[in-house]
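Architecture and fold: a report
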Amino acid sequence: MVLYTMPKKYQDFVEKRLTKQNIDFCIQYVNADKINLFFGRPECITAIRHMTIRPLNELTPEEDFILGAMLGYDICGQCRRYCERRRLREAV
């Protein structure tokens, strides 16, 4: 699975291209000018559709961990990130 943050002005082009190539994708609006484009295997994109109901910076530590693992980030790094996010969340 891939996550690409890009200018919104390319959204139409990307949607047509991915659709033509039968690649599943999901778009999340970041702001008026940017989008997050997720694309990859159907089962991953289905899971992402359930998770992207709010901005990525508002994901729970658990959701953030899952997303990082799905994107292929280093698992040990994800574990450190998860523990730090949990620590900060619990300190509030």
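Everything quoted here is computed from the prediction, not taken from an experiment. The numbers attached to residues start from 1 for each chain and follow its sequence in the written order. Where local features are concerned, this predicted model is filtered to residues with pLDDT of at least 70; where side-chain atom pairs are given and counted, the filter is 80 or more; whole-chain, interface and lining totals use all residues. Where side-chain values are given, they derive from all heavy atoms of the structure, hydrogens and water being excluded.

Focus: the state of the cysteines
Two cysteine sulfur atoms form a disulfide, by the criterion used here, when they sit within 2.5 Å. The full count for this structure, using the stated rule, is zero disulfides. Between Cys79, a cysteine without a disulfide, and Cys76, which holds the nearest cysteine sulfur, the sulfur-to-sulfur distance is 6.1 Å. When accessible area is computed with a 1.4 Å probe and restricted to protein chains, residues below 20% of their type maximum are described as buried, those above 50% as exposed, and intermediate ones as partly exposed. Classification of Cys79 as partly exposed rests on a relative accessible area of 35%.

Quick notes on the environment of Tyr73
Per the convention used, a helix needs a DSSP run of H or I reaching at least four residues, while a strand needs a run of E reaching at least two, with both numbered from the N terminus. When you line up the elements, Tyr73 lands in the loop between α3 (61-70) and α4 (75-91). Apart from residues lying up to four places away in sequence, Tyr73 is in contact with Gly68 and Gln78. Between two residues, a contact is recorded if the distance between any of their heavy atoms is within 4.5 Å.

Details of the nonpolar core
In terms of nonpolar packing, the biggest core is built from nine residues, these being Cys26, Phe38, Ile45, Ile48, Met51, Leu56, Leu59, Leu67 and Leu71. Residues contacting Ile45, with those up to four places away along its chain left out, are Met1, Asp24, Phe25, Cys26, Phe38, Phe39 and Gly40. Counting seven residues, the second largest nonpolar core, distinct from the first, contains Val14, Leu18, Ile27 and Ile35. What we call a nonpolar core is a set of buried Ala, Val, Leu, Ile, Met, Phe, Trp, Tyr and Cys residues that are connected through their side-chain atoms within 4.5 Å.

Side note on the pairing of strand β2 (residues 24-29)
With six bridges joining them, β2 and strand β3 (residues 34-40) adopt antiparallel strand pairing. The residue of β3 that forms the bridge with Phe25 is Phe39. Only strands joined by at least two bridges in the DSSP assignment are considered to pair. The turn joining β2 and β3, which pair antiparallel and follow one another in sequence, is formed by four residues.

Let's talk about unusual backbone geometry
Negative phi is the rule for most residues except glycine; trans is the rule for most peptide bonds. Positioned with a positive phi, Asn22 is a non-glycine residue whose angle comes to about 55°. In this structure Asn22 comes out as exposed when scored by relative accessible area, which is 68%.

Topic: helix α1 (residues 11-20)
Those residues of α1 not exposed but buried are Gln11, Val14 and Leu18. For α1, the buried positions fall inside an angular range of 65° around the axis, keeping them on one side. Relative to its buried face, α1 has exposed residues pointing more than 90 degrees away, namely Phe13, Lys16 and Lys20. Check the buried side of α1 and you find it contacts β1 (2-7), β2 and β3. After α1 finishes, the residue Asn22 shows a positive phi value of roughly 55°. The directions from the helix axis to the C-beta atoms form the arc being described.

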